[in-house]
Every structure is written in structure tokens, then in C-alpha cells.
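Summary of the model geometry
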Amino acid sequence: MTTALTSHTTEEVRALLTPPGSALLHELGHGLGGPYHVLFPQRFDANAAAFRQAFTEAGVDGRVYYAKKANKAAVYVERAAVAGLGVDVASHGELREALAAGVRGTDLVVTGPAKDDQLLRVAVLHGALVAVDALDELDRVLALAAELGRAAQVLLRRLPSGQPHSRFGLDDGEMETALRRCRTEHVDMAGFSFHLSGYDIRERADLAAESVRLCTHARTLGLRADRVSVGGGFAVDYVDEEDWRRFNRSTRPEHFHQHKTFSDYYPYHSPVAGADALAAMLALTPAGEESSLAGLVRAAGVTLLVEPGRALLDQAGCTVFRVQGVKERDGYDILTVDGSSLSLSEQWFDSEFLPDPVLVPSARADVADAGPYPACVGAATCLESDMLTWRKLPFPVRPATGDLIVYLNTAGYQMDSNESPFHELPLPPKVVIESSAYHSPSVRPRWRLDRHP
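Values in this document were obtained by computation on a predicted structure and should not be read as measured data.

With respect to the nonpolar core
Counting 121 residues, the largest nonpolar core has Tyr76, Leu156 and Phe192 as its most contacted members. A total of eight residues in this core trace back to one element, the largest contributor, which is helix 9 (residues 201–219). Setting aside anything within four residues of it in sequence, one finds Leu156 in contact with Val132, Leu170, Met175, Ala178, Leu179, Cys182, Met189, Gly191, Phe192 and Ser193. Within the second largest apolar cluster, 17 residues are counted, among which are Leu16, Leu28, Cys318 and Val320.

A closer look at the packing of helix 9 against helix 12 (residues 293–300)
At a minimum axis separation of 10 Å, helix 9 and helix 12 run at an interaxial angle of 15°. When the interaxial angle is binned, helix 9 and helix 12 end up roughly parallel. Both helix 9 and helix 12 take part in a crossing whose hand is left-handed. Counted together, Ala205, Ala208, Ala209, Val212 and Arg219 of helix 9 and Leu293, Leu296, Val297 and Ala300 of helix 12 form the full contact between these two elements.

A word on the side chain of Lys430
When you line up the elements, Lys430 lands in strand 16 (residues 430–433). Here the side chain of Lys430 touches Asp416 through a polar contact of 2.7 Å, side chain to side chain. Excluding residues that lie within four positions of it along the chain, Lys430 makes contacts with His37, Leu39, Asn71, Ala73, Met415, Asp416, Arg448, Leu449 and Asp450.

Focus on a negative patch on the surface
A cluster of acidic side chains, namely Asp171, Asp172, Glu174 and Glu176, defines a negative patch on the protein surface. Within the secondary structure, Glu176 sits in helix 8 (residues 172–181).

Brief notes about the sheet that holds strand 2 (residues 62–67)
Spatial strand order, 2-3-4-5-6-7-8-9: eight strands in a closed barrel with parallel pairing. Recorded for the sheet is a direction-independent mean angle of 30° between the axes of neighbouring strands. Where strand 7 (residues 187–193) lies against strand 8 (residues 227–229), three bridges are found, and the strand directions are parallel. Its bridge partner lying in strand 8, Ser193 is registered against Ser229.

Considerations on the packing of helix 6 (residues 117–126) against helix 7 (residues 135–148)
Contact geometry for helix 6 and helix 7: axes closest at 10 Å, N-to-C directions at 50°. Classified by the angle between their axes, helix 6 and helix 7 sit oblique to one another. Two packed elements cross with a definite hand, and for helix 6 against helix 7 that hand is right-handed. Counted together, Asp117, Leu120, Arg121, Val124 and Leu125 of helix 6 and Glu137, Arg140, Val141, Leu144, Ala145, Glu147 and Leu148 of helix 7 form the full contact between these two elements. Considering only residue class, the contact of helix 6 with helix 7 consists of seven nonpolar, no polar and five charged.

Remarks on unusual backbone geometry
At the junction of Pro19 and Pro20, the peptide bond is cis and its omega measures out at 0° in the coordinates. Structurally, Pro20 can be placed in the loop between helix 1 (11–17) and helix 2 (22–32). Despite not being glycine, Gln258 shows a phi value in the positive range, around 60°. You can see Gln258 is positioned in the loop between helix 10 (241–250) and helix 11 (274–283). Positive phi, close to 55°, is recorded for His259, a residue that is not glycine. Its location among the elements puts His259 in the loop between helix 10 and helix 11.

Rules behind the numbers
- Counting restarts for each chain, with residues numbered from 1 along the sequence as it is written.
- With pLDDT at 70 or above as the cut-off, local features in this predicted model cover only qualifying residues; side-chain atom pairs require 80 or more to be listed or tallied, and sums for whole chains, interfaces and linings still use all residues.
- To get the side-chain values, all heavy atoms of the structure are used, and hydrogens and water are removed first.
- What is meant by a nonpolar core is a set of buried Ala, Val, Leu, Ile, Met, Phe, Trp, Tyr and Cys residues, joined one to another through side-chain atoms within 4.5 Å.
- Exposure categories follow from relative accessible area, calculated using a 1.4 Å probe and restricted to protein chains: below 20% of the type maximum is buried, above 50% is exposed, and the middle band is partly exposed.
- Strands are runs of DSSP state E lasting at least 2 residues, helices are runs of H or I lasting at least 4, and numbering of each runs from the N terminus.
- We call two residues in contact whenever any of their non-hydrogen atoms come within 4.5 Å of each other.
- Interaxial angles span 0 to 180 degrees and are taken between N-to-C directions of axes, which are lines fitted to C-alpha atoms, for helices over the stretch in contact.
- In what follows, roughly perpendicular refers to angles from 65 to 115 degrees, roughly parallel to angles under 35, roughly antiparallel to angles over 145, and oblique to any angle outside these ranges.
- When the near helix sits turned anticlockwise from the far one by under a right angle, the crossing is termed left-handed; a clockwise turn instead gives a right-handed crossing.
- By the criterion applied in these results, polar contacts are pairs of N or O atoms within 3.5 Å in which, for protein atoms, one can donate a hydrogen and the other can accept it, and in which residues neighboring in sequence qualify only through two side-chain atoms.
- Exposure above 30% relative accessible area and the lack of any salt bridge qualify a residue for a patch; like charges then connect within 9 Å, and the nonpolar side chains Val, Leu, Ile, Met, Phe, Trp and Tyr within 5 Å.
- Where accessible areas are quoted, they stem from the Shrake-Rupley method and a 1.4 Å probe; at the residue level, only the protein chains shown are allowed to cover.
- Only one rule defines a salt bridge in this text: a Lys or Arg side-chain nitrogen within 4 Å of an Asp or Glu carboxyl oxygen.
- Charged-residue counts in this description rest on Lys and Arg as positive and Asp and Glu as negative, His and the chain ends being excluded.
- Taken as the charge location is NZ of Lys, CZ of Arg, CG of Asp or CD of Glu.
- Being paired, for any two strands, means DSSP has found at least two bridges between them.
- All amino acids are sorted into three groups, where Ala, Val, Leu, Ile, Met, Phe, Trp, Tyr, Cys and Pro are nonpolar, Asp, Glu, Lys and Arg are charged, and the leftover types, Gly among them, are polar.

As C-alpha cells, this is what we get:
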């Protein structure tokens, strides 16, 4: 059996996991007839405020854009609109949803490679920033802007020097060509953008400094160039350092169902995460510079843009499944829940979602703290590979049919990036809990369904 990876959580979530709050989780499971996601928008608000505070404390003019791809729920975009955040969209559907939620077109940044003409047309009409990824895309933006009689708002996306084989961005030669083409009335060249894989804040600080210098160069060509977007990539800290170290040191194939192995994990512990990572990046002195990144940005009169997704959704949601079967195999239990692993997927790392879920027992007489009881968690489909958790989890009591399995902190990418109604299983609905009355047993939190279809 593997070691525990206890998830960080919040007071409001803990109140829902234990009586009397847990009664609401069971009632929702019964009423909705399957798995569901719970959303906590006030946590989104707090995370956004922390990113803004990091800019304020560094004395930097900064702008926070919520990366909508991290979660399809409407409520987070609605909160972004109310708070005056920007929103990062990468499709016509995402752009349409953001506008419908009240986000102004000028508060949108449109990212992604080879954007289609419909998306570009609406972006230009609404004055959204367009992160141009290639020369042919720039030509299409210029043609659309001329046709519409508008000046397109453009960021030129850089190919990171540390990732020369990336399929995204403009290399040095292409960048110079793009700058020359931007010297026209049909484009307002606002600045530069980049996005890095991984979570190395020093690499981001160095590339941000290079982009600031590139703004200075672009201004000599008569271009505005007063914004730099560093993209997202702000880590989330899911578990304690010691638990993560112990897991990596001691985990073996026999700790997983069928001796499953994985080649890569998300870094579930990060010593500097979220808005703290932004603050640390701003305080770094980039390579070849004498000032901090914050000092360079201030001196150049540049506005720094960030596009966090997962980090804005830290602790902003959880996912609930109901146990509908238990069988024993080789000294551990295999639980089958009422949904699919596609509704809980860490898909960009070759692994499952590792933080331990919490067992919320049904009302039964045989619950006793006599564990741990090792169990993996399988889904309701006919595929051997459809497992929510291959790892043999150390449950404190033996799970039984009717119990709930609650995966914590799943709002960032886990909920619906791979969703599919396979077997005609319905997609888990999203339940929004906005009440602040988590701490009083006499007041039940109010809930509603998220309005996203």
C-alpha cells in the first residue's frame, strides 16, 4: 500500500466533508443521480486578489487574465467580469462565453496557434488582444483589420530560446519580419507574449526581461510595444513537502493496481506556488541585468500580463463520486464508482490525479476507524484502463456501497478537459456553492447549478 498524499484543503471544504455538512453532499448525489463537481467561486476571487496584490507590492503595472481553458464553468468567468479581470480565450466558443458573461472585448486576450478567421474577426471587432503565433496568421489579421476598417490589437508571440523546437511562436528572423509588417495603420502592436512549459520562475524572469528589451527595440520602429505577457505556468501546491518526498522515495509498482507505472507526475508539491511564484519572479534579477525584473518593467514603462488558469482555481472546487460496488482482489479492494475517469484527468502528465480523495461514509452502523484499508478506484465503464486511481489508497475505514469518494482541489483542469459521455453516461454537472455560512451548523450553504450547458 502506498503512503498517504493528504490534500491541502480549506475550512469550507472540511465543513462539507463531515456531518452535518456531508448530508448536503449525499443529497446532491441522490438528486443529481450521478457524479458531480462542486465549485467555490469565492476561492477564485481570493486567488485573483492575491495575484493583483503581488503586482501592487512590487510596484508593477500588471494585469491578470484568467485562462478559461482550465475550467468550462460559467461562474468563474462571471466572477472575472465582476472583478475586472481579463480572460484568456483560445476558441470562438470561449470568446463567446466570456462576452456573454460580461467580460469586455478589450479585456480579452486571444491565444492558441493558427486561429480561425471567425475567431480573429470577432476578436478584431471587439478590440481584443490577439497573440499572433506565425507570420501567415499575422497576414490574416492584417487583412481582416483592413476589411473591417479597424486597427487590430496584437501581441507577437516569441519562440522561447530555451525551447527552440517548440511548435509555437516566432523565431528571431520571423520576429523582425513581423515587426516590419506591423508598421501599418491596420495594427496596433501592443507588445510581446510567450508561454513556457514547466514551472521554472527564473526561466520566466529571464525571458520576460528579454521581452522588455524587445519592447524598447520595437519602439525605435515607431510601434507602441508597452505590454509583455508571460503566460501562465504558476504551480499549485497540492500536498505537504514531506508527504511528496516520501511518496517519490518509497513508491513502487506493487503500490498500484496491476503494478501500473507512470513516467511523469505533476509536481504536486511546490514550495513557491500561485501568486507567491509571481512575487518571486518579479523579485528575481534576470541574467545579465543589475535590477530586478520588477525594476526593469517599471523603468521601461511596460505592463506585465499573466494568464494563470490552474493557479486561479486553487481550492476552487472538488469532485464527488458515489461508490456503487466493492470487490476484494489480492488483499486490497477495488471500488467502482458511478462515473468515468474522463471526468478526473491529469491528462498532460502521464499519470493519474495523485492527491488522496476523502471517503465520506453513508449512514451505516459499521463505520469504525480500524484502517487503513487499501483500495483503488475504478470507473463504471467496461474498460480495464478506466481507472480514477490506480494507486492503492490508504482509506481510514473500509469503503462500502453508497459511500462518497471526494477528490479535492480539482477545479484546475481535472474536471472537464477530457470529459466524454462514453456509454451515454451523463457528464457530471457543476454545483456552485456561494454561501459564506460554512462555519455555522445551523445554516446550510446555498447551492445552484452552474449555467454552463
